[in-house]
Amino acid sequence: MKVPLSLLLEFCDPGLSAEEISSVLALSGTEVERVTRLGVEDSSNFVVGVVLTADQHPDADRLKVCTVDVGAPEPATIVCGAPNVGAGQTVAVALPGAVMPVGMMIKKAKLRGVESSGMICAEDELGLGKGHQGILVLAETAGPAGRALGEVLPLDETVLELEITPNRPDCLGVYGVARELHAATGAELKSAPWENDLGSAGALDGIKVSVQDSEQCRIFTARIYEGLSAAVTPPAIAAHLTAAGMRPISPVVDITNYVMLVVGEPLHVFDLDKIDGDLTVRAAAAGETVATLDGESRDLVEGETIIADAGGPTSIAGVMGGARSEVGPDTTRVLLEAATWHGPSINQTSARLGLRSEASGRFEKGLAPVFASRGQAFASQLFGEIYGVAPAAGTVVVGAVGEAHTIKLSHAKVNSLMGSELTAERITGPLERLGFTVSVDGDVFSVEVPLDRLDVARDVDLIEEIARIDGLEKLGATLPTSSTGGGRLTRQQKIRRQVQDALVSSGCFEAAGWSFCAPGLSDRLRLASDDSRRNAITLVNPMSSEESVLRTTLLGSLLDSAARNAARGAAVIRLFETGPVYLPSEDGLSDEPQRFGAVLCGPSTRPDWRNASPSTVDVHAAIGVIGQVLDSLHCEWRIVPVAEPEPFLHPGRSGVIEIAGRPAGWVGDLHPLVSTEWGLDGGVAFEVDLNAVISASPEVLHYSPVSAHPMVGQDLAVVVDAAVSAAELIEIAEEVGSPELESVSVFDIYRGKQLGENSVSVGLRFAFRADDRTLTEEEATAVRQRILEALQDRKGAQSRG
Amino acid sequence: MLERISQIVDEVKAAVVAATTSAELEELRIKWLGRKAELPNILRGVKDLDPSERGPAGKAANEARVELEGAIDTKMASFAGAELELRLVEDAVDITLPGHPQQFPGGLHLLTQTMREIEDVFLGLGYGIAEGPEVELVAYNFDALNHAPHHPARSPSDTFYVGDSVLLRTHTSPVQVRTMLVTPPPLYVIVPGRVYRRDDDATHTPQFHQIEGLAVDEGISLADLKGTLLAFAKAIFGDEREIRLRPHFFPFTEPSVEVDVSCFACNQGVADGDRCGLCKGTAWIEILGAGMVDPNVFASVSGEQPAYDPGKVQGFAFGLGIERIAMLKHSVPDLRLLYDNDIRFLEQFA
Ligand SMILES: [Zn+2]
């Protein structure tokens, strides 16, 4: 809401600068988004002018030579370059001596041979806005010529742009803000502009109003003004409206806007002579239409609240008036409506029609019914002031302004909730300045809530008022005195951190992926039509179809990130993510298992001066990373070949990650078609269920004895059928080699012609050790022989010597 | 005889002094102290001497041998050290070359780092960390948190829906409710996690991260909230920081405040003589929203957890955006950088 500072100060002037007032408002709960200075430094030499003639400059196509009445005995000759200047216009003139906002002083000067004594100004040249399409044309009523321009335009104004929180519709008028300023500073608050009501209660002749749904319309009030004739909006009001961002239009429209600005209540005015019979506030029927003020014909949605007369809908309640009863220059009798509409319904209708306005924006917030009577009262004063008419006897009132309620507030509760030691005075003072009526009974305050404070219903609401007006800067800063002793990570949280750290130590960067993905991802990953990962949670209202389902794998966003990096020339891409995937569950919510996954592209080791061209990452590079993670958490794991490989992985170079004997993820070279789809050169990936890691990782590690006796190392190379896996050989060795075999590892894999097509040589390196004695070389050799024989028996292995 | 021994000693000592390599010394050793050399011969011949001569001659010859061996060894040792040095110099390598093997660099995402940093502050203050589902019930996300039935945040233009009563949580606050339903007070938790709102512009992404905090106990006060957030601000932004509370409005807290931290890039809004760009010259930066838990929120859980009777317990809650904190602290100018995953960005914070 834009508040002209001069208008605010009319109601409460604490003697502070605009910046100080902004700070006071901000720290008491009214956020000031912007402070804008309007107009010029010194408004002398700026006057209202009337263009008498505007003729083509003899020597310049784009200039006109104007004679302008500036209130002096002789009209001034002014050369003007604006295309829209014309005889008869009322305009803003800067006379010689005027200093423009940019600092330039206007002087008499010859323009292409014609002497010009001043400048006809555009909006931006006066510091009033950005408009520079042409000169600013004022309403005829801004005259007479020669009047100081500052009287009709806000040439010396500061505008505060306030953000009013949704709980404070009472601050949607300048007087409400003035009360805040009064409460926070203690400066005098002038009496409310609606206090002296010129109208009267009782039946109103000439119109009947019925309201069918009192929930949609809590109160409907109306007054009639008759005998309207030509009138002029007072310049000060026009200037305030302009500063608040509303153009002066006509006195009757200006009255409604000014009441809205000061009181907060939007009004609607009907030409009484164009209303056909009585008015009914009702729900629109299907198929009804209304011609609105903007000249459009609007189709109404069944149930939207309208105001209708005998001729059908005549206005969309709270959103826009109808053309049929629009006031015009010939209007002499008006019906002035002030009502309170159901905020959410107004919001819905105005959004549907794209008709958001200052008025609908206020109704959306849910104005208090008392605003309607305040609006009527202030409007009656303005009609008297501008048109010299009093309202016709009586006021239509359908509904009620409500009754004040009282809240009991305990002194101890105030200090307990705030953590303060406020005296009774520091409690009653803020409340009374805000308009609450307070009586004290021992330790309990009885607080009567003003009718416009619908947000205050409970003692805590009052404590908020006290806290913000007394000043939060006065509040101490303490820490809670007790604690639950719960300041520690859960096991799950700890292990998630450890997994992340292990992935970092294996040379991967963590990526932040999107939970959303495109439904087409499943096809791009070549998922089978019955793959359960196609069964994703779908958003009803996604931002776009590309973000319309929730991910069922981390792989999509990792590939997207990898692809972006590849396109930017990254040679090494090692990205991981930890986070949930979202799987539909029977209760309509989702299972959100935590996963970790990675995509690696580029060299398998970092190229350097010893090895400038390392081999490219392959599935074993990915297994190396997985091993680093799982080993650091002491998980028992292995990679097993799988009959049905993942469709997005290389079928011969992928496998299942088993943790503690259960499948917990996949790893492999990316399928070449998938690499190509994302524009990647090869690449490997894996994804692992974090919960499997959490349950497999031992909670506590226990000591196992280390032998003091020396280790005997021996190697064994065997030739086996290529279908025999290294893991099978190791398993047999571990079984047979017990207890002397301490560890076994593969140190060499060799395939060659002399071995035959389908054979492979596997080099095993054994470490033998006894717990209780020094193992002799002969003993070790015997165990090695035992292992060899088992490999021969079970896998047809041949010793390579 | 004694004379000859003394002669030998002088001659050999001179030769040792003159020797310039360990090989020369080795030659001297063989020539004068070897099996066939003169001095050992003398020693071996002592037994044939006249008994009266045996004593002095044997003693002199033995002393001479010991002295010469010592002289050669000493000189030899000095040569060995020098020659080793020489050899080591020849073995020099270019130590400015990088280490090997080169480890791939890696690092946590800035969001994770920021989240952990904040988590650690509150762990230190005695808070636990609670988590909850991202696909959430409207009942927990809005109803239990005192959002009016027509609250604009419920609108499908603001919130992602999965079904009529199921949405993507718009804040981590529903975990407050879930936690209170299963845990009686006193309760001190923070709730980090992903949240979603239908915004996509320069300063909003439809997905972002929040940390929500909740403390419920007897006598928890607004001053406790202020002190807690002051401790937080100092831990994250530096010990010189101050905070200020501005009254605000949130449906699930009353009173509600927005919290500013004193700007760490300027002095009273002025940086290098100009208006500070970070705080727009105000000297304060908004970092989070907070307030005292609204009694209606306690009421929404107290059916199952009567201990949350608003007459018995009080509490505060706060919520902050991880992205905002990370961007402020690390001078990241554009929110999109956090989700782009450009390695050149990621490695800056490794
Ligand atoms: Zn600053």
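First, a word on what this report is: a plain description of the structure on this page. Since the model is a prediction, treat every value here as computed from it, not as a measurement.

1. Considering the overall build of chain A
Part 1: When helices and strands are counted, chain A shows 19 helices and 40 strands.
Part 2: Its C-alpha radius of gyration of 41 Å places chain A more than 25% over the 28 Å reference for a compact globule of 801 residues.
Part 3: Based on the C-alpha atoms only, the size of chain A along its principal axes is roughly 130 × 85 × 55 Å.
Part 4: Across the 801 residues that make up chain A, the buried fraction comes to 53%.
Part 5: A fraction of 68% describes how many contacts in chain A between residues 6 or more apart in sequence connect residues 24 or more apart.
Part 6: Just so you have it, chain A exposes about 35400 Å², and 49% of that area is on carbon and sulfur atoms.
Part 7: For chain A, the distance from the average position of its 65 positive side-chain charges to the average position of its 109 negative side-chain charges is 5 Å.

2. Comments concerning the coordination of the zinc ion
Residues and elements named next belong to chain B.
Part 1: Taken together, Cys263 (SG), Cys266 (SG), Cys276 (SG) and Cys279 (SG) make up the protein donors of the zinc ion, found 2.2 to 2.3 Å from the metal.
Part 2: Classification of the site at the zinc ion as tetrahedral follows from its four donor atoms and the range of 104 to 115 degrees in their angles at the metal.
Part 3: Mapping the donors of the zinc ion onto the primary sequence gives the spacing C-x2-C-x9-C-x2-C. The pair formed by Cys276 and Cys279 is uniform in burial state, with each residue classed as buried.

3. Overview of empty space enclosed by the protein
Part 1: According to the stated counting rule, one finds three cavities of 30 Å³ or more in the structure shown.
Part 2: Taken as a whole, the largest cavity encloses approximately 80 Å³ of empty space.
Part 3: Of all elements in the fold, only helix 11 (459–470) of chain A together with strand 6 (243–250) of chain B reach the threshold of two or more residues within the lining of the largest cavity.
Part 4: Residue classes in the lining of the largest cavity are distributed as two nonpolar, five polar and four charged.

4. Some thoughts on the packing of helix 5 (residues 110–124) of chain B against helix 10 (residues 322–330) of chain B
Residue and element names in this part refer to chain B.
Part 1: Following both chains from N to C, one finds helix 5 and helix 10 inclined at 100 degrees, their axes separated by 9 Å at the closest point. Considering the angle they form, helix 5 stands roughly perpendicular to helix 10. Taking contact as the criterion, the partners of Leu110, Leu111, Thr114, Met115, Glu117 and Ile118 in helix 5 are, on helix 10, Ile322, Glu323, Ile325, Ala326, Lys329 and His330.
Part 2: Residues belonging to the contact of helix 5 with helix 10 are distributed by class as follows: seven nonpolar, two polar and three charged.

5. Digging into the packing of aromatic side chains
Part 1: Within this structure, the stated rule accounts for 21 aromatic pairs over all chains.
Part 2: Plain terms: the ring middles of Phe237 of chain B and Phe264 of chain B are 5.0 Å apart, the flat faces sit at 10 degrees to each other, and that makes the pair stacked. With Phe237 of chain B in helix 8 (residues 222–237) and Phe264 of chain B in the loop between strand 7 (253–262) and strand 8 (270–271), this residue pair connects regions lying 27 residues apart in the sequence.
Part 3: The exposure class assigned to Phe264 of chain B is partly exposed, which follows from its relative accessible area of 28%.
Part 4: Pairwise contacts between aromatic rings join Phe122, Tyr127, Tyr188, Phe232, Phe316 and Phe318 of chain B into one cluster.
Part 5: Seen from the ring of Trp678 of chain A, Arg524 of chain A lies directly overhead, with NZ or CZ sitting 4.0 Å from the centre.
Part 6: When the ring centre of Phe747 of chain A is taken as origin, the NZ or CZ atom of Arg765 of chain A, which lies over that ring, is 4.5 Å away.

6. Side note on helix 4 (residues 235–243) of chain A
All names here are of chain A.
Part 1: For helix 4, the tally of buried residues reaches seven of nine residues, placing the bulk of the element in the interior.
Part 2: Looking only at helix 4, the buried set comprises Pro235, Ile237, Ala238, Ala239, His240, Leu241 and Ala243.
Part 3: Of the surrounding secondary structure, the elements contacted by the buried residues of helix 4 are strand 1 (2–4), helix 1 (5–11), strand 2 (31–39), strand 11 (156–163), helix 5 (251–263) and helix 8 (370–387).

7. Brief notes about the sheet that holds strand 2 of chain A
Residue and element names in this part refer to chain A.
Part 1: Spatially, the three strands line up as an open sheet ordered 1-11-2, and their pairing is antiparallel. Two strands close off the open sheet at either side, each with one partner strand: strand 1 and strand 2. When the angles between neighbouring strand axes are averaged without regard to direction, this sheet yields 25 degrees.
Part 2: When strand 2 meets strand 11, the two strands line up antiparallel, connected through eight bridges. If you follow Thr36 over to strand 11, its bridge partner there is Val159.

The rules we used
- Residues numbered from 1 in each chain as written.
- Chains lettered and ligands numbered in written order.
- Predicted model: local features only at pLDDT ≥ 70, side-chain atom pairs only at ≥ 80, totals over all residues.
- Heavy atoms only, no water.
- Helix = DSSP H or I, 4+ residues; strand = E, 2+ residues; numbered from the N terminus.
- Rg over C-alpha atoms; globule rule 2.2 N^0.38 Å.
- Buried < 20%, exposed > 50% of the residue type's maximum accessible area, 1.4 Å probe, protein only.
- Contact = heavy atoms within 4.5 Å.
- Areas by Shrake-Rupley, 256 points an atom, 1.4 Å probe, with all protein chains shown as cover.
- Lys, Arg positive; Asp, Glu negative; His and termini not counted.
- Charge placed at Lys NZ, Arg CZ, Asp CG, Glu CD.
- Donors = N, O, S within 2.8 Å, 3.2 Å for Na, K, Ca; no water.
- Tetrahedral: all angles 85-135°; square planar, octahedral: opposite > 155°, others 65-115°.
- 1 Å grid on protein atoms, 1.4 Å probe; cavity = no way out; pocket = protein on both sides within 12 Å on 5 of 7 lines; lining within 4 Å.
- Points joined across faces, edges and corners; volume = space filled by probe spheres on them.
- Nonpolar A, V, L, I, M, F, W, Y, C, P; charged D, E, K, R; others polar.
- Axes fitted to C-alpha atoms, helices over the stretch in contact; angles between N-to-C directions.
- Parallel < 35°, antiparallel > 145°, perpendicular 65-115°, else oblique.
- Phe/Tyr/Trp six-rings, centres within 6.5 Å; stacked < 30°, edge-to-face > 60°.
- Lys NZ or Arg CZ within 6 Å of the ring centre and 35° of its normal.
- Pairing = 2+ DSSP bridges.

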